[in-house]
Amino acid sequence: MAASNLIQLLESLHPLEHKLLLSFERGGQLPAADLLTVSGLDESRLDMASGWLQTKGLLAVEDESVTSLVSLTDTGSE
């Protein structure tokens, strides 16, 4: 990317995007839970900002996982 295009892209960032990018000062990868803590953003704002940054090619989600938790009801335990 040309320097002028990069400068233009950086100048066009939303404040939430800036805040999220600053969370990566110490490293290139962070778990989402750490991003919530470091950035100070709530989950919905983190989702918005990360979506915008992904669209702009500045952020990539490396891995997503869903953990299902299953438990017995009282009847199932009997």
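Every value quoted in this text rests on a predicted model; they were computed, and no experiment measured them.

Definitions and limits used
- Residues numbered from 1 in each chain as written.
- Predicted model: local features only at pLDDT ≥ 70, side-chain atom pairs only at ≥ 80, totals over all residues.
- Heavy atoms only, no water.
- pLDDT = per-residue confidence, 0-100.
- Helix = DSSP H or I, 4+ residues; strand = E, 2+ residues; numbered from the N terminus.
- Core = buried A, V, L, I, M, F, W, Y, C linked by side-chain atoms within 4.5 Å.
- Buried < 20%, exposed > 50% of the residue type's maximum accessible area, 1.4 Å probe, protein only.
- Contact = heavy atoms within 4.5 Å.
- Axes fitted to C-alpha atoms, helices over the stretch in contact; angles between N-to-C directions.
- Parallel < 35°, antiparallel > 145°, perpendicular 65-115°, else oblique.
- Nonpolar A, V, L, I, M, F, W, Y, C, P; charged D, E, K, R; others polar.

K.L.:
Would you mind going over the confidence of the model for the protein with me for this structure?
P.N.:
Low pLDDT marks stretches whose predicted atomic positions should not be read closely. Here the protein averages 89 in pLDDT, while 100% of its residues score no lower than 70. Averaged pLDDT values for the elements of the protein fall to 86 in helix α5 (residues 74–77) and rise to 95 in helix α4 (residues 43–55).

K.L.:
Could you clarify how one ought to interpret the nonpolar core in this entry?
P.N.:
It is characteristic of soluble globular proteins that their nonpolar side chains tend to be buried jointly. Core analysis: the biggest nonpolar cluster contains 10 residues, these being Leu13, Leu16, Leu20, Phe24, Leu35, Leu41, Leu46, Ala49, Leu53 and Leu59. Only α2 (15–22) and α4 provide two or more residues apiece to this core. Top element by residues in this core is α4. It accounts for 3 residues. The residues contacting Leu16, other than those within four sequence positions of it, are Leu41, Arg45, Met48, Ala49 and Trp52.

K.L.:
Before we go on, may I ask you to explain the environment of Met48 in this structure?
P.N.:
Among the structural elements, Met48 can be located in helix α4. When the C-alpha atoms of Met48 and Ser12 are compared, they prove to be 16 Å apart, with 36 residues separating the residues in sequence.

K.L.:
Help me understand the packing of α2 against α4, please; the structure alone is not making it clear to me.
P.N.:
When two helices pack together, you describe them by how their axes are tilted relative to each other and by the distance separating the axes. In the contact formed by α2 and α4, the axes pass within 9 Å of each other and the chain directions differ by 90°. In terms of axis orientation, α2 runs roughly perpendicular to α4. When α2 is examined against α4, the residues Leu16, Glu17, Leu20 and Leu21 are found in contact with a partner set consisting of Arg45, Leu46, Met48, Ala49, Ser50, Trp52 and Leu53. Among the residues forming the contact of α2 with α4, the class breakdown is 8 nonpolar, 1 polar and 2 charged.

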